[in-house]
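Spelled out from the first residue to the last, the chains are:
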Amino acid sequence: MEGPRRSGCPINLTLEVLGDRWSLIVIRDVMFGNRRHYRELLNQSEEGIASNILAARLKHLLEAGLLSKRDDPRHRQKAIYSLTEPAIQLVPLLAHMGAWGVRHTPVTEELAIRARLLEQGGPALWEAFMEELRAVHLGAPAPSRSVLAELQAAFEQTVRNRAHAPGE
């Protein structure tokens, strides 16, 4: 990361990279939603990020070394965004943030299920997820377990259960 820093404190420096309103949301969407193109990030965000904000955050995350970008071989005008190793190492931080949010904020059940599973699975699940992310984003060998598929299946089951719940 370039530019002046307020201090050499590791918490401050982390917040200088990740502390704006949208950076972790973009990383979350690439990490958990496997949204790899600009349009997917723009149109599929639950929070409704504005196009100029998304462009600025993508640029910031590229400069900070948390995302990489390459041309999409299937479409000349598209780019594919990938997590870098430092971004993949944010899995435990995001798991802790999600667990805190489940305990202290008014979450919706379907959007909280991944956080609950990550908290319950603990470091072993986080490591398995990071191994899978390394395969998807960095070209490492694919693991036999797909944590992403497990989290997605739990989300989809929760959505189905809520749709069929009495009074819903």
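Going by the structure above, here's the rest.
Residues numbered from 1 in each chain as written. Predicted model: local features only at pLDDT ≥ 70, side-chain atom pairs only at ≥ 80, totals over all residues. Heavy atoms only, no water.

With respect to the overall build of the protein
Counting its regular elements, the protein contains 8 helices and 2 strands. When the elements of the protein are put in sequence order from the N terminus, they spell out α-α-α-α-β-β-α-α-α-α. Relative to a compact globule of 168 residues, whose C-alpha radius of gyration would be 15 Å, the protein shows 17 Å and is just as compact. In terms of overall dimensions, the protein has a C-alpha envelope of 55 × 40 × 35 Å along the principal axes. For the protein, the residues scored as buried account for 38% of the 168 residues in total. Taking the intrachain contacts of the protein between residues at least 6 apart in sequence as the baseline, contacts between residues at least 24 apart amount to 50%. (Helix = DSSP H or I, 4+ residues; strand = E, 2+ residues; numbered from the N terminus. Rg over C-alpha atoms; globule rule 2.2 N^0.38 Å. Buried < 20%, exposed > 50% of the residue type's maximum accessible area, 1.4 Å probe, protein only. Contact = heavy atoms within 4.5 Å.)

As for the packing of helix α2 (residues 23–33) against helix α7 (residues 109–138)
Contact pair α2 / α7: the axes reach a minimum separation of 11 Å and the direction vectors enclose 85°. Taken together, α2 and α7 sit at an angle that is classed as roughly perpendicular. Packed against α2, whose contacting residues are Val-30, Met-31 and Phe-32, the element α7 presents Leu-118, Phe-129, Leu-133 and His-137 at the interface. (Axes fitted to C-alpha atoms, helices over the stretch in contact; angles between N-to-C directions. Parallel < 35°, antiparallel > 145°, perpendicular 65-115°, else oblique.)

Details of the environment of Ala-124
Among the secondary structure elements, Ala-124 is positioned in helix α7. Taking the C-alpha atoms as reference points, Ala-124 and Ala-56, separated by 68 residues in sequence, lie 34 Å from one another.

Considerations on the packing of α2 against helix α6 (residues 91–104)
Running from amino to carboxyl end, α2 crosses α6 at an angle of 105°, the nearest separation of the two axes being 12 Å. It follows from the interaxial angle that α2 and α6 lie roughly perpendicular. Residues Leu-24, Ile-27, Met-31 and Phe-32 of α2 touch α6, and the partners they reach there are Val-91, Leu-94 and Met-97.

Points about the pattern of salt bridges
Using the criterion set out here, one finds 13 salt bridges in the structure. Between Arg-35 and Asp-29 there is a salt bridge, and its shortest N-O distance comes to 3.1 Å. Assigned by exposure class, Arg-35 and Asp-29 land together as buried. The shortest N-O distance in the salt bridge between Glu-46 and Arg-35 comes to 3.8 Å. Placement of Glu-46 in the loop between α3 (38–43) and α4 (51–63) and of Arg-35 in the loop between α2 and α3 is noted, with a sequence separation of 11 residues between them. Relative accessible area serves as the criterion here: at 46%, Glu-46 is assigned to the partly exposed category. On the basis of relative accessible area, Arg-35 is assigned to the buried category, the value being 11%. (Salt bridge = Lys/Arg side-chain N within 4 Å of Asp/Glu carboxyl O.)

Looking at the pairing of strand β2 (residues 79–83)
For β2, a buried count of 5 out of 5 residues is recorded, marking the element as mostly surrounded by other parts of the structure. Bridge count between strand β1 (residues 67–71) and β2: 5 bridges; the pairing is antiparallel. The residue bridging Lys-69 from the neighbouring strand is Tyr-81, located in β2. (Pairing = 2+ DSSP bridges.)

A look at the environment of Leu-54
Tracing the backbone through its elements, the reader meets Leu-54 in helix α4. Along the primary structure Leu-54 and Pro-73 are separated by 19 residues, whereas in three dimensions their C-alpha atoms are 23 Å apart. Leaving out residues up to four positions away in the same chain, Leu-54 has contacts with Val-26, Tyr-38, Leu-41, Leu-42 and Ile-49.

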